[in-house]
Amino acid sequence: MTQENFEIFSNNLSHLDNQGQAQMVDVSGKASTVRQAVAAARVRMLPETFAAIQAGNAPKGDVLGTTRLAGIMAAKHTASLIPLCHPLPLQKIEVQVTPCPDLPGYQIEATVKTKAETGVEMEALTAVSVAALTLYDMAKALEKSIQIESIRLISKTGGKSGDYCQSD
(Lines give C-alpha, C1' and ligand atoms only; values in the text may rest on other atoms or scores of the structure.)
Protein backbone atom coordinates (compact mmCIF):
# COMPACT_ATOMS: atom_id res chain seq x y z
CA MET A 1 0.00 0.00 0.00
CA THR A 2 1.37 3.41 -0.92
CA GLN A 3 1.71 6.14 1.71
CA GLU A 4 -1.05 8.12 -0.02
CA ASN A 5 -3.44 5.13 0.00
CA PHE A 6 -2.54 4.39 3.63
CA GLU A 7 -3.35 7.97 4.65
CA ILE A 8 -6.74 7.82 2.93
CA PHE A 9 -7.44 4.42 4.54
CA SER A 10 -6.15 5.35 8.01
CA ASN A 11 -8.17 8.58 8.21
CA ASN A 12 -11.18 6.35 8.88
CA LEU A 13 -9.44 4.32 11.61
CA SER A 14 -9.68 6.13 14.92
CA HIS A 15 -7.18 3.91 16.74
CA LEU A 16 -4.27 4.43 14.31
CA ASP A 17 -2.01 7.44 14.05
CA ASN A 18 -0.56 8.76 10.77
CA GLN A 19 2.24 6.18 10.92
CA GLY A 20 -0.18 3.28 11.41
CA GLN A 21 0.66 2.83 15.09
CA ALA A 22 -2.03 1.98 17.62
CA GLN A 23 -3.14 4.93 19.71
CA MET A 24 -5.71 5.65 22.35
CA VAL A 25 -8.48 7.81 20.92
CA ASP A 26 -8.77 11.35 22.30
CA VAL A 27 -12.31 11.55 23.70
CA SER A 28 -11.82 14.86 25.52
CA GLY A 29 -13.94 16.72 22.97
CA LYS A 30 -16.90 14.37 23.31
CA ALA A 31 -19.88 15.06 25.54
CA SER A 32 -20.25 13.01 28.70
CA THR A 33 -23.50 11.06 28.31
CA VAL A 34 -25.17 8.10 29.96
CA ARG A 35 -24.11 4.85 28.33
CA GLN A 36 -25.03 1.26 29.09
CA ALA A 37 -24.01 -2.10 27.69
CA VAL A 38 -25.25 -5.63 28.25
CA ALA A 39 -23.14 -8.68 27.37
CA ALA A 40 -23.71 -12.39 27.81
CA ALA A 41 -21.93 -15.75 27.78
CA ARG A 42 -22.89 -19.37 28.27
CA VAL A 43 -21.05 -22.04 30.23
CA ARG A 44 -22.01 -25.60 29.26
CA MET A 45 -21.22 -28.66 31.39
CA LEU A 46 -22.26 -32.23 32.12
CA PRO A 47 -25.55 -32.70 33.97
CA GLU A 48 -23.65 -34.16 36.96
CA THR A 49 -21.46 -31.06 37.23
CA PHE A 50 -24.48 -28.78 36.97
CA ALA A 51 -26.26 -30.75 39.69
CA ALA A 52 -23.24 -30.57 42.02
CA ILE A 53 -22.94 -26.79 41.60
CA GLN A 54 -26.67 -26.30 42.12
CA ALA A 55 -26.50 -28.41 45.30
CA GLY A 56 -23.51 -26.42 46.59
CA ASN A 57 -21.23 -29.47 46.41
CA ALA A 58 -18.24 -28.05 44.52
CA PRO A 59 -14.82 -28.63 46.12
CA LYS A 60 -13.83 -24.93 45.89
CA GLY A 61 -16.95 -23.60 47.61
CA ASP A 62 -19.45 -20.99 46.39
CA VAL A 63 -19.10 -21.28 42.61
CA LEU A 64 -21.89 -18.90 41.64
CA GLY A 65 -21.16 -16.16 44.19
CA THR A 66 -17.47 -16.18 43.32
CA THR A 67 -18.33 -16.10 39.61
CA ARG A 68 -20.57 -13.05 40.07
CA LEU A 69 -17.99 -11.14 42.11
CA ALA A 70 -15.22 -11.96 39.61
CA GLY A 71 -17.33 -10.45 36.82
CA ILE A 72 -17.89 -7.26 38.80
CA MET A 73 -14.18 -6.94 39.60
CA ALA A 74 -13.21 -7.62 35.97
CA ALA A 75 -15.42 -4.82 34.64
CA LYS A 76 -13.61 -2.40 36.98
CA HIS A 77 -10.21 -3.53 35.61
CA THR A 78 -10.99 -3.52 31.88
CA ALA A 79 -8.67 -0.60 31.07
CA SER A 80 -5.80 -2.54 32.67
CA LEU A 81 -6.48 -5.59 30.51
CA ILE A 82 -7.43 -4.14 27.09
CA PRO A 83 -4.65 -1.83 25.85
CA LEU A 84 -6.70 0.92 24.16
CA CYS A 85 -9.65 1.07 26.57
CA HIS A 86 -10.17 4.23 28.55
CA PRO A 87 -10.45 3.97 32.34
CA LEU A 88 -14.06 4.88 33.09
CA PRO A 89 -16.07 5.82 36.16
CA LEU A 90 -18.56 2.96 36.35
CA GLN A 91 -21.83 3.79 38.07
CA LYS A 92 -23.42 0.34 37.78
CA ILE A 93 -22.09 -3.18 37.34
CA GLU A 94 -24.54 -6.03 37.64
CA VAL A 95 -23.63 -9.65 36.92
CA GLN A 96 -26.30 -12.33 36.88
CA VAL A 97 -25.56 -16.04 36.76
CA THR A 98 -28.70 -17.93 35.76
CA PRO A 99 -29.00 -21.73 35.88
CA CYS A 100 -30.07 -23.31 32.58
CA PRO A 101 -30.96 -26.98 33.22
CA ASP A 102 -31.65 -27.59 29.51
CA LEU A 103 -28.12 -26.49 28.52
CA PRO A 104 -27.05 -27.84 31.09
CA GLY A 105 -25.04 -24.97 32.52
CA TYR A 106 -25.32 -21.27 33.14
CA GLN A 107 -26.14 -18.07 31.29
CA ILE A 108 -24.02 -15.14 32.49
CA GLU A 109 -25.19 -11.60 31.81
CA ALA A 110 -23.48 -8.34 32.74
CA THR A 111 -24.94 -4.85 32.64
CA VAL A 112 -22.52 -1.94 32.94
CA LYS A 113 -23.49 1.74 33.06
CA THR A 114 -21.55 4.99 33.10
CA LYS A 115 -21.83 8.68 32.39
CA ALA A 116 -18.72 9.33 30.32
CA GLU A 117 -17.30 10.25 26.91
CA THR A 118 -17.04 6.66 25.67
CA GLY A 119 -19.03 3.47 25.96
CA VAL A 120 -18.87 0.46 28.26
CA GLU A 121 -19.17 -2.42 25.78
CA MET A 122 -15.69 -3.72 26.61
CA GLU A 123 -16.41 -3.56 30.34
CA ALA A 124 -19.55 -5.66 29.92
CA LEU A 125 -17.76 -8.16 27.65
CA THR A 126 -14.82 -8.38 30.06
CA ALA A 127 -17.20 -8.98 32.96
CA VAL A 128 -18.90 -11.98 31.32
CA SER A 129 -15.61 -13.38 30.00
CA VAL A 130 -13.88 -13.36 33.39
CA ALA A 131 -17.03 -14.57 35.13
CA ALA A 132 -17.16 -17.54 32.74
CA LEU A 133 -13.47 -18.28 33.30
CA THR A 134 -14.03 -18.11 37.04
CA LEU A 135 -16.94 -20.52 36.85
CA TYR A 136 -14.66 -22.91 34.96
CA ASP A 137 -11.90 -22.49 37.56
CA MET A 138 -14.28 -23.07 40.46
CA ALA A 139 -15.73 -26.22 38.86
CA LYS A 140 -12.75 -27.76 37.04
CA ALA A 141 -12.22 -30.31 39.83
CA LEU A 142 -15.64 -31.70 38.89
CA GLU A 143 -15.15 -31.58 35.12
CA LYS A 144 -12.38 -30.49 32.75
CA SER A 145 -14.58 -30.45 29.61
CA ILE A 146 -16.71 -27.44 30.63
CA GLN A 147 -17.28 -25.21 27.59
CA ILE A 148 -17.41 -21.41 27.50
CA GLU A 149 -19.60 -20.32 24.61
CA SER A 150 -21.20 -17.40 22.83
CA ILE A 151 -19.56 -14.40 24.47
CA ARG A 152 -21.39 -11.51 22.85
CA LEU A 153 -22.71 -7.97 23.13
CA ILE A 154 -26.48 -8.04 23.63
CA SER A 155 -27.14 -4.30 23.59
CA LYS A 156 -25.68 -0.86 24.07
CA THR A 157 -27.22 2.56 24.47
CA GLY A 158 -25.83 6.06 24.21
CA GLY A 159 -22.96 7.56 22.30
CA LYS A 160 -22.35 8.84 18.79
CA SER A 161 -22.86 5.47 17.08
CA GLY A 162 -26.35 5.15 18.58
CA ASP A 163 -28.10 2.21 20.12
CA TYR A 164 -27.51 -1.44 19.28
CA CYS A 165 -29.59 -4.49 20.10
CA GLN A 166 -28.59 -7.98 19.00
CA SER A 167 -31.19 -9.53 16.75
CA ASP A 168 -31.85 -13.22 17.22
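Given the structure is predicted, the values throughout are model-derived calculations rather than measurements.

A. Spatial organisation of the UniProt feature "active site" (unreviewed entry) in the protein chain. Per the UniProt entry, the sites bearing "active site" (unreviewed entry) are D137 in this numbering. With respect to the helices and strands, D137 occurs in helix α5 (residues 121-139).

B. Looking closely at the environment of K144. Among the structural elements, K144 can be located in the loop between α5 and β4 (147-157). Sequence-wise, K144 and M45 are 99 residues apart; in three dimensions their C-alpha atoms are separated by 9.1 Å. Within polar-contact distance, the side chain of K144 engages the backbone oxygen of K140 at 3.0 Å.

C. Broad picture of the UniProt feature "binding site: substrate" (unreviewed entry) in the protein chain. In the numbering adopted here, UniProt assigns the feature "binding site: substrate" (unreviewed entry) to L84, C85, H86, M122 and E123. Separation in sequence by 40 residues is not matched in space for these annotated residues, since their most distant C-alpha atoms are only 12.3 Å apart. Here L84 is to be found in the loop between α4 (78-81) and β2 (90-100). Judged by relative accessible area, which is 29%, L84 ranks as partly exposed. Take M122: it is sitting in helix α5.

D. Representation of a nonpolar patch on the surface. Taken together, the side chains of L133, I148 and I151 define a hydrophobic patch exposed on the protein surface, amounting to about 250 Å² of accessible area. Note on placement: I151 falls in strand β4. On the basis of relative accessible area, I151 is assigned to the partly exposed category, the value being 41%.

E. View of helix α3 (residues 63-76). In this model α3 runs 20 Å from its N-terminal to its C-terminal C-alpha over 14 residues, within 8% of the 20 Å that 1.5 Å per residue would give. Of the residues making up α3, those classed as buried are V63, T67, A70, G71, I72, A74 and A75. Elements that come into contact with the buried residues of α3 comprise α2 (47-54), α4, β2, β3 (105-116) and α5.

F. Geometry of the nonpolar core. Ranked by internal contacts, the top residues of the largest apolar core, which has 30 residues, are V43, M45, I53, Y106, I108 and L135. Top element by residues in this core is α5. It accounts for 8 residues. Those residues in contact with V43 that lie beyond four places of it in its chain are L103, P104, G105, Y106, I108, A132, L135, I146 and Q147.

G. Quick peek at unusual backbone geometry. Cis geometry marks the peptide bond from L103 to P104, where omega comes out at -20°. Position of P104 among the secondary structure elements: in the loop between β2 and β3. Non-glycine residue S150 carries a positive phi angle of around 55°. For S150, the position within the fold is in strand β4.

H. Fine view of the side chain of T111. The topology assignment puts T111 in strand β3. Each residue touching T111, except ones within four places of it in the same chain, is listed here: Q36, A37, V38, K92, I93 and E94.

I. Local environment of α2. The complete set of buried residues in α2 reads T49, F50, A52 and I53. One face of α2 carries all of its buried residues, which in axial projection span an arc of 165°. G56 lies just past α2 and shows a positive phi near 80°.

J. Just the environment of P59, in detail. Relative to the elements of secondary structure, P59 occurs in the loop between α2 and α3. Counting along the chain gives 79 residues from P59 to M138, while the straight-line C-alpha distance between them is 7.9 Å. If we ignore the near neighbours within four places in the chain, the residues touching P59 are A141 and L142.

Calculation criteria
Residues numbered from 1 in each chain as written. Predicted model: local features only at pLDDT ≥ 70, side-chain atom pairs only at ≥ 80, totals over all residues. Heavy atoms only, no water. UniProt positions renumbered as here; feature names shortened; annotations may be inferred. Helix = DSSP H or I, 4+ residues; strand = E, 2+ residues; numbered from the N terminus. Polar contact = N/O pair within 3.5 Å; in protein donor to acceptor, adjacent residues only side chain to side chain. Buried < 20%, exposed > 50% of the residue type's maximum accessible area, 1.4 Å probe, protein only. Patch = residues over 30% accessible without salt bridge, like charges linked within 9 Å, V, L, I, M, F, W, Y side chains within 5 Å. Areas by Shrake-Rupley, 256 points an atom, 1.4 Å probe, with all protein chains shown as cover. Salt bridge = Lys/Arg side-chain N within 4 Å of Asp/Glu carboxyl O. Expected span 1.5 Å × (residues − 1). Contact = heavy atoms within 4.5 Å. Core = buried A, V, L, I, M, F, W, Y, C linked by side-chain atoms within 4.5 Å. Arc of directions from axis to C-beta.

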